[in-house]
Amino acid sequence: MLSTIFKRRSIRKYLDKPVESDKIKTILRAAMYAPSADNTRPWHFIVVHDRSIIAEFQRIQEWANMLSEAPVLIVVCGDLDKPHDEVYYLEDCAAATQNMLLAAYELQLGTCWLGIVPKSKCAEDLKKLFNLPDRIEPYCGVAVGYPAQTRETRERYNESLIHTNTW
Ligand SMILES: Cc1cc2nc3c(=O)[nH]c(=O)nc-3n(C[C@H](O)[C@H](O)[C@H](O)COP(=O)(O)O)c2cc1C
């Protein structure tokens, strides 16, 4: 687990190879084991294989070139009615997303987190694309596929960011 955390990188080049459905299920299962405020688990996941819908996502979210190669896109959505305070869905969905990236890495898959700014035009357009109900918000996309690149990690530990007891 620690080596997964230390070795995972965003992957932006993918092999033309389908991802097995049991691996997708494991990734989604990992997402659903994430912590959430008051254990409300305010998430939904849209698994997209349809190339025309993936292309449309890519047109709307402009930083997703790798989706031309990635065989699967998973859109993480937050349910605003579930958490005590609706802003918590952002943290809960982030925890779920990170679990997905780590689980995928352990399954020899590559991923790339594709951010969606809340209440932006991009979020609005994606809401329409996926027919999301009123109180369901798109949180992020995750490109998934077999990696066609190897990326090394560099040391990121930084003592100067750590404060003891107070700032
Ligand atoms: C909230 C968020 C939004 C991101 N959005 C994008 C994106 O739109 N396109 C992209 O290529 N990478 C995106 N990334 C991936 C980051 O660029 C990447 O995590 C960062 O450069 C660190 O590299 P690493 O993931 O390889 O450690 C996003 C990551 C996060 C956490």
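Shown above is the structure to which this text applies.
Residues numbered from 1 in each chain as written. Predicted model: local features only at pLDDT ≥ 70, side-chain atom pairs only at ≥ 80, totals over all residues.

Student: Teacher, can you tell me more about helix H4 (residues 88-106) here?
Tutor: Each turn of an α-helix holds 3.6 residues, which means side chains three or four residues apart point in the same direction. Here H4 contains 19 residues, and its C-alpha end-to-end distance of 28 Å stays within 8% of the 27 Å for a straight helix at 1.5 Å per residue. Along H4, the positions that sit buried rather than exposed are Tyr-89, Asp-92, Cys-93, Ala-96, Thr-97, Met-100, Leu-101, Ala-103 and Ala-104. Turning to H4, the residues buried within the fold contact helix H2 (21-32), strand S1 (43-48), strand S2 (72-79), strand S3 (110-115) and strand S4 (136-145). In the segment just after H4, Gln-108 is the residue with positive phi, at about 65°. (Helix = DSSP H or I, 4+ residues; strand = E, 2+ residues; numbered from the N terminus. Expected span 1.5 Å × (residues − 1). Buried ≥ 20, exposed ≤ 12 C-beta atoms within 10 Å, placed from the backbone. Contact = placed C-beta atoms within 7 Å.)

Student: Is there a simple way to think about the packing of H2 against H4 in this case?
Tutor: Two packed helices can be described by the angle between their axes and the distance between those axes. At a minimum axis distance of 7 Å, the contact between H2 and H4 shows a crossing angle of 140°. Both H2 and H4 take part in a crossing whose hand is right-handed. Contacts between H2 and H4 involve Thr-26, Ile-27, Ala-30 and Ala-31 from the former and Ala-96, Asn-99, Met-100, Ala-103 and Ala-104 from the latter. Of the residues that constitute the contact of H2 with H4, the class distribution is seven nonpolar, two polar and no charged. (Axes fitted to C-alpha atoms, helices over the stretch in contact; angles between N-to-C directions. Left-handed = near helix turned anticlockwise from the far one by under 90°. Nonpolar A, V, L, I, M, F, W, Y, C, P; charged D, E, K, R; others polar.)

Student: Please explain the pairing of S2 as it appears in this structure.
Tutor: On a regular strand, each side chain points to the face opposite its neighbour's, so the side chains alternate between the two faces of the sheet. With seven of its eight residues buried, S2 lies for the most part within the structure. The sheet contact formed by S1 and S2 spans six bridges and is antiparallel. Bridging from a neighbouring strand, Phe-45 pairs with Val-76 of S2. Of the strand pairs in this sheet, S2 and S4 are connected by eight bridges, and their pairing is antiparallel. Looking across to S4, one finds that Val-72 is bridged to Val-144. (Pairing = 2+ DSSP bridges.)

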